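Understanding the architecture of this molecule
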Amino acid sequence: MALITYIEPSGQSVSVEVADGWSLMQGATAGGVDGILGECGGSCACATCHCYVDPTRMAELPPPGESELAMLEAVAAERRPNSRLACQLKASAALAGLVLRLPDVQE
Ligand code: FES
């Protein structure tokens, strides 16, 4: 279980307890977070779960795989060095307190 804080495009922050093994996209959609869609259900095929990870914690995350890197080319909002797809990040205690900022647009 990890408490993840999502900062919605409006600037409002929403914290959600995400179960171990759930993706951070699933946690956001289950928690009613605004600014994330997850249209493909987490199969790394839509790029509508784009998020900006707290830059100070980027090194703690597993690096993106080839399919995530390919989909990051297709994000609707600006791609930044801390851009990730939330469906490819799995919750675990190690990610407790992680902050994800959501972009203004997802498609
Ligand atoms: S939910 Fe579609 S790429 Fe993440």
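Right above here is the structure, for reference.
This write-up is about the structure you can find in this document. Because the structure is predicted, anything quoted here is derived from the model rather than measured.

**Describing the overall build of the protein chain**
When its secondary structure is counted, the protein chain shows 2 helices and 5 strands. Going residue by residue from the N terminus, the α and β elements of the protein chain occur as β-β-α-β-α-β-β. Taken over the C-alpha trace, the protein chain has a radius of gyration of 12 Å; the compact-globule value for 107 residues is 13 Å, and the two agree within 12%. Considering only C-alpha atoms, the protein chain reaches an extent of 30 × 30 × 25 Å along its principal axes. Across the 107 residues in the protein chain, those meeting the buried criterion constitute 44%. Nonlocal contacts in the protein chain, meaning residues at least 24 apart in sequence, comprise 66% of its contacts between residues at least 6 apart. Only carbon and sulfur atoms are counted for the fraction: they give 52% of the accessible area of the protein chain, which is about 5200 Å². Distance between charge centroids for the protein chain: 5 Å, based on 6 positive and 13 negative side chains.

**A few points about the nonpolar core**
With 29 residues, the main nonpolar core has Ile4, Tyr6, Leu24, Leu85, Leu98 and Leu100 as its most contacted residues. For this core, the elements supplying multiple residues, two or more each, are β1 (2–7), β2 (13–18), α1 (24–30), β3 (50–53) and α2 (66–72).

**Overview of the sheet that holds β1**
Taken together, 5 strands build an open sheet; the order of strands is β2-β1-β5-β3-β4 and the sheet is mixed. Edge strands, defined here as strands with exactly one partner in the open sheet, are β2 and β4 (83–85). Neighbour-to-neighbour, the strand axes of this sheet turn through a mean angle of 35 degrees, independent of strand direction. Where β3 lies against β4, 3 bridges are found, and the strand directions are antiparallel. In the sheet register, His50 faces β4, and the bridge partner there is Leu85.

The rules behind these values
Residues numbered from 1 in each chain as written. Predicted model: local features only at pLDDT ≥ 70, side-chain atom pairs only at ≥ 80, totals over all residues. Heavy atoms only, no water. Helix = DSSP H or I, 4+ residues; strand = E, 2+ residues; numbered from the N terminus. Rg over C-alpha atoms; globule rule 2.2 N^0.38 Å. Buried < 20%, exposed > 50% of the residue type's maximum accessible area, 1.4 Å probe, protein only. Contact = heavy atoms within 4.5 Å. Areas by Shrake-Rupley, 256 points an atom, 1.4 Å probe, with all protein chains shown as cover. Lys, Arg positive; Asp, Glu negative; His and termini not counted. Charge placed at Lys NZ, Arg CZ, Asp CG, Glu CD. Core = buried A, V, L, I, M, F, W, Y, C linked by side-chain atoms within 4.5 Å. Pairing = 2+ DSSP bridges. Axes fitted to C-alpha atoms, helices over the stretch in contact; angles between N-to-C directions.

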